Amino acid sequence: MYTSTKLPRTSALFISALLGGVIFTSCASSHQSANKALPPMAADSAANPASAPARENSVSQKAEAAPTARSRPQLIKKAAISLTVNSVDQTVDAVSQIINQQQGDLIGLKQQQPKNDNPRYTATIQLRIPENRLEPTLEQLAKLGTVESRNITAEDVGDRLVDFQARLTNLQKTEANLQKIMDRAGSIRDVLSVSQELSNVRQTIEQIDAQLKNLKNQVAYSTITLNLEAAVSSTSPQPAFGLQVQETWNNSTHSLSAFSVGLLKLGIWLIVYSPYLFIFVALIYGFRRWQRTHSPRLTQTPESTTSE
């Protein structure tokens, strides 16, 4: 009788202990999962509420201290450099090699031979170089001779690029709206009106797009004007004797042909105006004959008076 009442009490205590352990482990796991779900800063603030305001202040200070990203200025750069060199021809060849190395383009070359008023050999070269290689190119060009002058100018066109881009975007939206209106138009008059307006908008889009591409191209490539001048005045060598004889022969034959052509032109003029010349000669001949026929009578009158 005593043993039968003791067993149910022992089993009840065991079941209650087992339930308490399950409840305790579930509460612990839920607390850990909540801490894992929170971000690190939130978990720390939850674990230590006193340090939360200090962390928030430090985060705000870091956000204020972080610099704002600046957009790169859109500059059109132009440079000019003047050099005094020993040989202009050799320097031009060296400049061509530098242009190829820097992946640029030669857009202009003007060479001037020595003259009496300017005995020095000069040349002007215009080249286009990628914007990021402007300074290295100028340094290489400066090594070709003695630098007489050097200057760089820059023009900021960022506002113009933004303006063109905004206008282009608005016009493209207008084009899309007009296209929708044209698709819904019923009468021919409405279709023609919308088509005309759509054509004007597309023409404006093409113009602005061309200007935008031109500005971007000028920003991407810088222009360099290089002026070269020989250090010593160059004198042209004396031509050979055979060349002098040949030049004299050419000049003489040219003069003879010019004289012959002049005589032929004179003969043509005389033939054309020959009737007037004949009339003029006939008038002179008639006047002389009339003068001869009347001159004896005038001369005999005094003689006859003296004889009497």
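This is a predicted model, so every value here is computed, not measured. (Residues numbered from 1 in each chain as written. Predicted model: local features only at pLDDT ≥ 70, side-chain atom pairs only at ≥ 80, totals over all residues. Heavy atoms only, no water.)

Student: Help me get a handle on a nonpolar patch on the surface, residues and values and all.
Tutor: Taken together, Phe259, Leu263, Leu264, Leu266, Ile268, Trp269, Leu270, Val272, Tyr273, Tyr276 and Leu277 make up a surface patch of nonpolar side chains, about 1200 Å² in accessible area. Elements with a minimum of two residues in the nonpolar patch: helix H8 (241-272) and helix H9 (274-307). By residue number, the principal contributor to the nonpolar patch is H8, which donates eight residues. Mapped onto the fold, isoleucine 268 is located in helix H8. Residue classification places isoleucine 268 among the partly exposed residues on the basis of a relative accessible area of 46%. (Patch = residues over 30% accessible without salt bridge, like charges linked within 9 Å, V, L, I, M, F, W, Y side chains within 5 Å. Areas by Shrake-Rupley, 256 points an atom, 1.4 Å probe, with all protein chains shown as cover. Salt bridge = Lys/Arg side-chain N within 4 Å of Asp/Glu carboxyl O. Helix = DSSP H or I, 4+ residues; strand = E, 2+ residues; numbered from the N terminus. Buried < 20%, exposed > 50% of the residue type's maximum accessible area, 1.4 Å probe, protein only.)

Student: Give me the layout of surface pockets: which residues, what numbers.
Tutor: Quantified by volume, the largest pocket comes out at close to 200 Å³. Of all elements in the fold, only strand E1 (75-85), strand E4 (146-156), helix H7 (188-220) and strand E5 (221-230) reach the threshold of two or more residues within the lining of the largest pocket. Among the residues forming the lining of the largest pocket, the class breakdown is four nonpolar, five polar and three charged. (1 Å grid on protein atoms, 1.4 Å probe; cavity = no way out; pocket = protein on both sides within 12 Å on 5 of 7 lines; lining within 4 Å. Points joined across faces, edges and corners; volume = space filled by probe spheres on them. Nonpolar A, V, L, I, M, F, W, Y, C, P; charged D, E, K, R; others polar.)

Student: How would you sum up the pattern of salt bridges? Please name residues and give values.
Tutor: The final tally for this structure, using the stated rule, is six salt bridges. Across the salt bridge formed by arginine 160 and glutamate 155, the nearest N and O atoms sit 3.8 Å from each other. A salt bridge links aspartate 209 to lysine 213, with the nearest nitrogen and oxygen atoms 3.5 Å apart. Placement of both aspartate 209 and lysine 213 in helix H7 is noted, with a separation of four residues, approximately one turn of the helix.

Student: Tell me about helix H6 (residues 158-184), and please be specific about residues and values.
Tutor: Helix length check: H6, at 27 residues, gives a terminal C-alpha distance of 40 Å against a target of 39 Å (1.5 Å per residue), a fit within 8%. If you follow the buried residues of H6, they end up packed against E4 and H7. (Expected span 1.5 Å × (residues − 1). Contact = heavy atoms within 4.5 Å.)

Student: I'd like a rundown of the packing of aromatic side chains, residues and numbers included.
Tutor: All told, the structure shown has three aromatic pairs when counted by the stated rule. Their ring planes at 45 degrees and their centres at 6.3 Å tell us that tyrosine 273 and tyrosine 276 sit as a pair that is tilted. Note on tyrosine 273: relative accessible area 43%, which makes it partly exposed. One aromatic cluster is present, formed by Trp269, Tyr273 and Tyr276 through successive ring pairs. Sitting over the face of the ring of tyrosine 221, arginine 128 holds its NZ or CZ atom 4.8 Å from the ring centroid. (Phe/Tyr/Trp six-rings, centres within 6.5 Å; stacked < 30°, edge-to-face > 60°. Lys NZ or Arg CZ within 6 Å of the ring centre and 35° of its normal.)

Student: Any chance you could break down the nonpolar core for me, citing the residues and the numbers?
Tutor: Among the nonpolar cores identified, the biggest contains 22 residues, and Val88, Ile125, Leu127, Ile224, Leu226 and Leu228 are the most heavily contacted of them. Of all elements in the fold, only E1, helix H4 (88-101), strand E3 (122-130), helix H5 (134-142) and E5 reach the threshold of two or more residues within this core. Here the element with the most residues in this core is H4; it accounts for five residues. Each residue touching valine 88, except ones within four places of it in the same chain, is listed here: Tyr121, Ala123, Glu229 and Ala230. Among the nonpolar cores identified, the runner-up in size contains 15 residues, and Leu161, Val201, Ile205 and Leu212 belong to it. (Core = buried A, V, L, I, M, F, W, Y, C linked by side-chain atoms within 4.5 Å.)

Student: I'd love a proper account of the side chain of serine 222, names of residues and values included.
Tutor: For serine 222, the position within the fold is in strand E5. Residue serine 222 is classed as buried on the basis of its relative accessible area of 0%. Those residues in contact with serine 222 that sit more than four places away from it in its chain are Lys77, Leu127, Arg128, Ile129, Glu131 and Leu134.

Student: Describe the pairing of E5, and please don't skip the residues or the numbers.
Tutor: Residue alternation in E5 divides its side chains into a buried set, Ser222, Ile224, Leu226, Leu228 and Ala230, and an unburied set, Tyr221, Thr223, Thr225, Asn227 and Glu229. Two elements, E1 and E5, share eight bridges in a ladder whose sense is parallel. Residue lysine 78 lies in a different strand from E5, and its bridge partner there is threonine 223. When E3 meets E5, the two strands line up antiparallel, connected through nine bridges. Residue leucine 127 lies in a different strand from E5, and its bridge partner there is isoleucine 224. (Pairing = 2+ DSSP bridges.)

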